[in-house]
Amino acid sequence: MSASGLDARVTGQLRYAVDAERPGMLHAAFVRSPHAHARVVSIDATAVGADCVALTGEDVADLRRYGCQVRDEHVLAAVARHVGDVVAAVAAPTPRAAREAADRVEVRYEELPAVYDPVEAVEPGAPLLHPDGAHSAGEAVSIGVRPLAGTNACHRFRLVHGDVAAGFGDAEVVVQRAYRTPSAAHAPMEPHAAVAEWEDERLTIWTGTQTPFNLRADLAVAFGLDEERIRIVGGTMGGSFGAKTFVRQEAVLAALARKAGRPVKVVLDRAEEFVTLNRHPSVIRVRLGARRDGSLVAKELDCWVDTGAYADCGPGVATKLGYAGVGPYRIPHVRVDALAIYTNLPPNGAYRGYGAMQSIWASERTMDVLAAEVDLSPLELRRRNLLRDGDRFATGEVMHDVQFERCLQAAADAVDYERDPRGKGLCVLLKGMQTPSRAAISVQRAPVGYVIHTAATEMGQGMRRSLQLLGAELLGCEPGQIEIAAPDTDTSPYDTRTTSSRTTHMMGRALEEAVRDLRTNSNERGYGEIRNEGGLDPDSGQGIASTHWHQGAAAARVTVDEETGKLTVDHLHGVAYAGRIVNPEGAALQNEGALLMGLGTTLFEAIEFADGQVANANLSDYNLPATGDLPTRFTHEIIEREGADVHGLGETVLPPVPAAIGNALFSLGLDVAELPISAERVLAAVDARRERS
Amino acid sequence: MNVALELNGRSVGLECEPDEMLLAVLRREGLRSVRATCGIGVCGACTVLVDGEPVSGCLMLAALSAGRRVTTVEGLSSADPVPRAFVEAHAYQCGWCTPGFILTAKALLADNPDPSEAEIGEALGGNLCRCGSYVEIVAAIRRAAAELAGGALRQ
Ligand code: FES
Ligand code: FES
C-alpha cells in the first residue's frame, strides 16, 4: 500500500530487484563469448579506461567451481561452452560507460567442436563439454546425481516398476511414438538484476531470486566462505517462472565488486536474458502397451533432456520429467530412462512445470493414439486406467487424496466432450512437489499486529497475500495487520526455495506451528518448521517423489484452416486441484497465467538457434501471448475438497495445455509430434493425413 | 543538454544527453514506474503519456519531449478511476506491467469512453503481461469505463 491507500503496483511505488541501489556503486557489463564452444586464449582489457575496473581470469583464480546439483560452473569461463558464456566483466560509473568499456575488451578464442542436440550429444565421438568430469555438489543436492562417465550425460534417472519386458509380452496392442519440445524463454518482464557489496570481508547481495539460501550456499562454495559471511536480500521480482533460481548473474557480480572495492550493480538486457537460463528442450520416446479392453500393461519412456552448457538443476528436471511421464495411471510394468545431457546451448533450468510439460506432452499424446488403436474414447481409456485412492504409483508410493478423475471429468464437461469429441482434446496430469525440503517461518508480535519473517520470495504469485490471509485466520487479526518482512538470509528462517509450487502448502503448515509456538510459549516470537522427507532413488525411481500431488487437467476445442494451417483455439479450459483455496483472486490469476503460458508454449514459443546463436533474442521475434491471443473462450476452475490441505497451484495447468490442443488436432486426423504447433506443422500434418488415406 | 517540459503537472528541466531516451531520463528522475523491458517498443512497460497519447519511453528521445506534457502513473490522482479499477479487478500479479496498462487504458478511455472487449484488445496490442493477467486487465478497463460514465454504458 502507498500513502494514497492504493496498492503500490498501481501507483508505481513498488520497488523491484532492479531498483536496488547502494551509495557509490558502479555498474557492470559482461563480456560474453560469441562462440558456442571455444577456449579463451587471451584477454586484453587495457582499453577499458581509467575509471573502469575489468575482471578477467586471473582475478578469479582463487574461486572454485560451484553448481546447485553438479559443481560444473565457473565464475568466469576459461572455456566458453555456449554463446553468451561470461568470460570477463567490467564495472564503470554508468551502465552505458560499462557497456562501452566491455565492448573494448579484446578476447582471442580458439574454437572447439560443438554439439547442439541432446541425442547427438550422447552419441560416441560427440565433443565433450566437461571432459574432466562433473563433480557432484554434495549436500546442496536434493537428489543423488548419476553422471555417465566419459559422456555428456550429467545425470541418468531410471525408474523400474514391475517387469517391462514381460508386460509388453502380455500386451495385445503396442504403440510407439517420439516427440520433441524446443527451448523456451521464461521472459519475466523484469530482467535479472542485482547489487553486490563487500564490507569487512562479508558479502551482501540484493537480488531478485527464488532461492536465497541455495544462492548463499553456492556462493559460499565459489568464494570459499562460511555461509554466515554471505547475506542475500531478496527483492520483489517482476516475474520469474523459474528464471531467477540458483546462481545466475550474482557470482561474477560479487567477484567484480570484490575487485572494484565498491558496490556494483548489474541489470541484464533483453538479449542477455535469452542466454542466461531457458527451458530444457527434449526428445521423448514413448512405448505403451495395453490389452484390447484398454487396460494399460506396460510403458517405456526414453528421455533426452538438454540441460545446455551447465547442469544447473537439470538432473532434478530430468527426474521429475521422467516420473511425471508415467502419468496418473495404474500400469503394472514401467521403465523410464531419462538423461540430463550437456550441449553447447545456454544453460536450461527450472521452468514453470519443471520438466513435466515435456513428458506429459509426449505421454498424453500417446494415450490418444492408443485410444484410436483400441477403439475407445480417449476419455474412457483414461478413466479405465486412472490411479485411485490407495493405488500404488510406479515409484512405489501409495496414492492419497486422489482427484484425477474429478479433474479430468471437469475438463471434459467444460468442452462438452462426451456429446461430440471432434475437434476436442483432453489431458490429465500428475506432478510432484519437491522432496525433500524444509520450510521455516517466524511470527513476531509488533506494536500493531505481527511481522512474519520468511525466506519465501514474491514474484507475482501472491505469496505475501497468501501468508497474510493464512496468518490473519490463525492469529485472529486483519490481513493488513501482518507485515511480511523481505527475505533476508540474515534474519529469515531457512527455506529450501520458492519453487515447485510449494510455498503456500509448506509455509502455511509452518505458520500454523509458529502461531502455536507463539501462543503456547507466550513468547514475543513464535517459530515453526516443516520438513518434507523423501526423494527418489535415481537408479530405480523408487521412494517418495512427493508428499502431495499436483493434479489437474486441460481441455481444448479447436478449428483448423487446412488451407493456411492456421490453428484457432476456440476454447481452452484448465482444471487444478487446490485442496483448499487461501487466496481466491490470486489463485485465479495464477491459474490463468499458467494456462496462458501453456498456450504460448503450444502455439508459438520457441527459442531458435543457429549454430548455438539465439536467432530470436528479442520480444519482437520471440512472441509472448498478448491480449489478442486469448482464446475466444478462456476458462478455468479450481477444485476444492472439504477438509483438505492447501495445495500449491502456480504451475499445475501449464503442462497439460500442449497435449490437450495436440489431441484436439489428433481428433481431426492431424498428428503433430513437435512443439510449437506452428502453421507449417499443421500443414505437414494435413499432407500426411492425405497420404495415409 | 537541458529539456524543459511539463512532467506530472510540474514544469521541470531535465538534464540529458542528446541521444538519450526518455525512459532512462525519467528513471533517473526517480519515476520507477517506467520500466525497461524489451527496449524495442513492443512490450509497453515503459509507456508514458505524451500530450495524452501513449508513447514507448524506450523509443522516444528525451529531447523530443521539450515543451510537451508527460504523464506517468506517479502523476495520477489517487482518485483516478483507472488505477482504482485495476485494484478492484485484481488486474495484476507481479505488477511490473501495470503502470503501462493503466496509461494505455487512460488514453483509450479518453478517445473511446465505451470500448467493446474487441476494441480494448486492440488498444492493448502493444502491452505485454507475462504473468498473464489479461482477463482481469480487460475487466478493469470495462469497470473504469463504467465508473467514468456513471454506470451508463452499452454493455
Ligand atoms: S521497454 Fe519500451 S516498449 Fe518495451
Ligand atoms: S503482472 Fe507481471 S507482467 Fe503483468
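## Structural notes on the sheet that holds strand S2 (residues 38-44) of chain A
All names here are of chain A.
Now for step 1: Read across the sheet, three strands follow the order S5-S2-S7 without closing on themselves; strand pairing throughout is antiparallel. Of all the strands in the sheet, the pair left with one neighbour each is strand S5 (79-80) and strand S7 (106-111).
Now for step 2: Note that S2 and S5 share two bridges and pair antiparallel. The residue of S5 that forms the bridge with arginine 39 is valine 79.

## Points about the domain arrangement of chain B
Residue and element names in this part refer to chain B.
Now for step 1: The domains assigned to chain B are domain 1 (2-74) and domain 2 (81-149).
Now for step 2: In this assembly, 16 residues from domain 1 lie in contact with twelve residues from domain 2.
Now for step 3: Taking both sides of the interface into account, the surface hidden between domain 1 and domain 2 amounts to around 1,100 Å²; carbon and sulfur atoms contribute 64%.
Now for step 4: Run the count over domain 1 and domain 2 and you get zero salt bridges.
Now for step 5: Remark: the boundary between domain 1 and domain 2 carries five residue pairs in polar contact (both at pLDDT 80 or more).
Now for step 6: At three residues, the largest contribution of residues to the side of domain 1 that touches domain 2 is made by strand S3 (residues 47-50).
Now for step 7: In terms of residue class, the side of domain 1 that touches domain 2 is made up of eight nonpolar, seven polar and one charged.

## A closer look at the interface of chain B and chain A
Now for step 1: Of the residues lining the interface, 42 residues belong to chain B; the matching set on chain A comes to 48 residues.
Now for step 2: Taking both partners together, chain B and chain A bury about 3,600 Å²; carbon and sulfur atoms supply 61% of that area.
Now for step 3: A per-residue breakdown of the area chain B buries against chain A is headed by Gln93, Trp96 and Arg130 of chain B, which together make up 24% of the total.
Now for step 4: Our enumeration of links across chain B and chain A arrives at five salt bridges.
Now for step 5: For aspartate 19 of chain B, the salt bridge goes to arginine 96 of chain A, with nearest N and O atoms at 3.1 Å.
Now for step 6: Taken together, the connections running from chain B to chain A amount to 16 residue pairs in polar contact (both at pLDDT 80 or more).
Now for step 7: Among the secondary structure elements, those contributing two or more residues to the side of chain B that touches chain A are helix H2 (81-88), helix H3 (98-111) and helix H5 (134-148) of chain B.

## Section: the nonpolar core
Now for step 1: Among the nonpolar cores identified, the biggest contains 197 residues, and Ile661 of chain A together with Phe86 of chain B are the most heavily contacted of them.
Now for step 2: The element that contributes the greatest number of residues to this core is helix H9 (residues 356-374) of chain A, accounting for ten residues.
Now for step 3: In this structure, isoleucine 661 of chain A is in contact with Ala556, Val558, Leu567, Val569, Leu572, Leu599, Thr602 and Ile677 of chain A, ignoring residues within four places of it in sequence.
Now for step 4: Among the nonpolar cores identified, the runner-up in size contains 37 residues, and Val86, Ala89, Ala194 and Leu253 of chain A belong to it.

## Notes on the side chain of asparagine 344 of chain A
Residues and elements named next belong to chain A.
Now for step 1: Mapped onto the elements, asparagine 344 comes out in the loop between strand S17 (333-342) and H9.
Now for step 2: Classification of asparagine 344 as buried rests on a relative accessible area of 0%.
Now for step 3: Of the polar contacts made by the side chain of asparagine 344, one reaches the backbone oxygen of arginine 81; its length is 2.9 Å.
Now for step 4: Beyond its immediate stretch of four places on either side in the chain, asparagine 344 contacts Ala36, His37, Arg81, His82, Pro113, Ala114, Val115, Tyr116, Leu129 and Gly612.

What counts and how
Residues numbered from 1 in each chain as written. Chains lettered and ligands numbered in written order. Predicted model: local features only at pLDDT ≥ 70, side-chain atom pairs only at ≥ 80, totals over all residues. Heavy atoms only, no water. Pairing = 2+ DSSP bridges. Helix = DSSP H or I, 4+ residues; strand = E, 2+ residues; numbered from the N terminus. Domains from an automatic or database assignment. Contact = heavy atoms within 4.5 Å. Buried area = accessible area lost by both parts, 1.4 Å probe. Salt bridge = Lys/Arg side-chain N within 4 Å of Asp/Glu carboxyl O. Polar contact = N/O pair within 3.5 Å; in protein donor to acceptor, adjacent residues only side chain to side chain. Nonpolar A, V, L, I, M, F, W, Y, C, P; charged D, E, K, R; others polar. Core = buried A, V, L, I, M, F, W, Y, C linked by side-chain atoms within 4.5 Å. Buried < 20%, exposed > 50% of the residue type's maximum accessible area, 1.4 Å probe, protein only.

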